[in-house]
Amino acid sequence: MIAKVPDGIELDSYVNLLQYLRGSRSSPFKRTCLIWRANQVSESMLGGRSNPLQILVRHSFWPLVVATLCESANHSVVPEMPSPHVDDEFSERVVRLMPKRAPRLRRCPRCVCEDLDKYGFAFGRSLHQLTVVRTCLRHDVVLEEVCAKCHADFDSPIRCAPYRGELQLCRQCGSPKGRPVPHTPSDGYRALVKLLGCGMEGRAHEVGP
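Residues numbered from 1 in each chain as written. Predicted model: local features only at pLDDT ≥ 70, side-chain atom pairs only at ≥ 80, totals over all residues. Heavy atoms only, no water.

**Quick notes on the overall build of the protein chain**
Next, step 1: What the protein chain contains, in helices and strands, is 8 helices and 2 strands.
Next, step 2: Along the protein chain, helices and strands appear, N-terminal first, in the series α-α-α-α-α-α-α-β-β-α.
Next, step 3: Counting the 209 residues in the protein chain, one finds 45% classified as buried.
Next, step 4: In the protein chain, the proportion of contacts linking residues at least 24 apart, taken out of those at least 6 apart, comes to 68%.
Next, step 5: Accessible area for the protein chain stands at about 11200 Å²; split by element, carbon and sulfur atoms hold 51% of it. (Helix = DSSP H or I, 4+ residues; strand = E, 2+ residues; numbered from the N terminus. Buried < 20%, exposed > 50% of the residue type's maximum accessible area, 1.4 Å probe, protein only. Contact = heavy atoms within 4.5 Å. Areas by Shrake-Rupley, 256 points an atom, 1.4 Å probe, with all protein chains shown as cover.)

**Focus: the packing of helix H1 (residues 11-22) against helix H2 (residues 34-45)**
Next, step 1: Interaxial distance between H1 and H2 falls to 12 Å at its minimum, and their mutual angle equals 25 degrees. Classified by the angle their axes make, H1 and H2 are roughly parallel. At the point where H1 passes H2, the crossing takes the left-handed sense. Touching Leu11, Asp12, Val15, Leu18, Gln19 and Arg22 of H1 are Leu34, Arg37, Ala38, Val41, Ser44 and Met45, all from H2. (Axes fitted to C-alpha atoms, helices over the stretch in contact; angles between N-to-C directions. Parallel < 35°, antiparallel > 145°, perpendicular 65-115°, else oblique. Left-handed = near helix turned anticlockwise from the far one by under 90°.)

**Observations regarding the environment of Gly197**
Next, step 1: Secondary-structure assignment places Gly197 in helix H8 (residues 187-200).
Next, step 2: Here Gly197 falls in the buried class, since its relative accessible area comes to 5%.
Next, step 3: Taking the C-alpha atoms as reference, Gly197 lies 9.6 Å from Gly8; in sequence the two are 189 residues apart.
Next, step 4: The residues contacting Gly197, other than those within four sequence positions of it, are Leu127 and Leu137.

**Topic: H2**
Next, step 1: In this model H2 runs 15 Å from its N-terminal to its C-terminal C-alpha over 12 residues, within 8% of the 16 Å that 1.5 Å per residue would give.
Next, step 2: Burial analysis of H2 places 9 of its 12 residues in the buried class, the great majority of the element.
Next, step 3: If you check which residues of H2 are buried, you get Leu34, Ile35, Trp36, Arg37, Ala38, Asn39, Val41, Ser42 and Met45.
Next, step 4: The positive-phi residue at the C-terminal boundary of H2 is Gly47, with phi of around 60 degrees. (Expected span 1.5 Å × (residues − 1).)

**Quick notes on helix H3 (residues 52-59)**
Next, step 1: Taken residue by residue, H3 has Pro52, Ile55, Leu56 and His59 as its buried positions. For H3, the angular spread of the buried residues around the axis is 95 degrees, confining them to a single face.
Next, step 2: Its buried side turned inward, H3 meets H1, H2 and helix H4 (62-68). (Arc of directions from axis to C-beta.)

**Observations concerning the packing of aromatic side chains**
Next, step 1: Using the criterion set out here, one finds 2 aromatic pairs in the structure.
Next, step 2: Considering the side-chain rings of Tyr119 and Phe123, the 6.0 Å spacing of their centres and the 75 degrees angle between planes classify their relative orientation as edge-to-face.
Next, step 3: Residue Tyr119 is classed as partly exposed on the basis of its relative accessible area of 23%.
Next, step 4: The class for Phe123 is buried, based on a relative accessible area of 4%.
Next, step 5: Seen from their ring centres, Phe121 and Phe123 are 6.4 Å apart, and the 20 degrees between their planes marks the pair as stacked.
Next, step 6: Judged by its relative accessible area of 12%, Phe121 falls in the buried class.
Next, step 7: Members of the aromatic cluster, joined through ring pairs, are Tyr119, Phe121 and Phe123. (Phe/Tyr/Trp six-rings, centres within 6.5 Å; stacked < 30°, edge-to-face > 60°.)

**Things to note about the layout of surface pockets**
Vacant regions in the atomic arrangement are exposed by a probe of water-molecule size rolled over the atoms.
Next, step 1: Within this model, the second largest pocket holds a volume of roughly 600 Å³.
Next, step 2: Counting residues per element, the ones that place at least two in the lining of the second largest pocket are H3, helix H7 (109-118) and H8.
Next, step 3: The greatest single-element share of the lining of the second largest pocket, amounting to 4 residues, is contributed by H7.
Next, step 4: Of the residues in the lining of the second largest pocket, the class split is 9 nonpolar, 5 polar and 8 charged. (1 Å grid on protein atoms, 1.4 Å probe; cavity = no way out; pocket = protein on both sides within 12 Å on 5 of 7 lines; lining within 4 Å. Points joined across faces, edges and corners; volume = space filled by probe spheres on them. Nonpolar A, V, L, I, M, F, W, Y, C, P; charged D, E, K, R; others polar.)

Scope: geometric values only; no functional claims are made or implied.
See below:
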């Protein structure tokens, strides 16, 4: 049975949940390549019940990448995605296609509370990890990336398996308070984040090559 999770959660958060439910204490990832990771999740953790492309669409920036690829790039990249033998050259091509990721894990405090209420776990969102995104599209609150008390990062969950999703607490000092990222609101910014959010869901025709 595949664990139920909210849409748009990042791959590390999803794997974290699967690791916890399996009682595993070691990270399944030996490489940083996103394609290799998706293949590992598909084969080793889900027994092929969800293919790598489905995993990437649900748990990464991949929908934005596909939406902005020209036709020739789509034909050269997408067919190779399900291959379990991803070489370094292909990995580099994919990395160059990906949008810029924030240097630290970001969380929305409202998402964390709702996740814990509904699922018993808290998940990071893929959209929140884009450098340009500084507020939660759903809740319109500024994202947090470090503890307000000791300034420790909210570390990537997968590095600390097994992990029950305690994104509501700082790993270093246990404080629930987070420091918001610097942000100056504007109508243009709100429009951009809404466009990216719709693009992640395939609902923005403006997002294209």
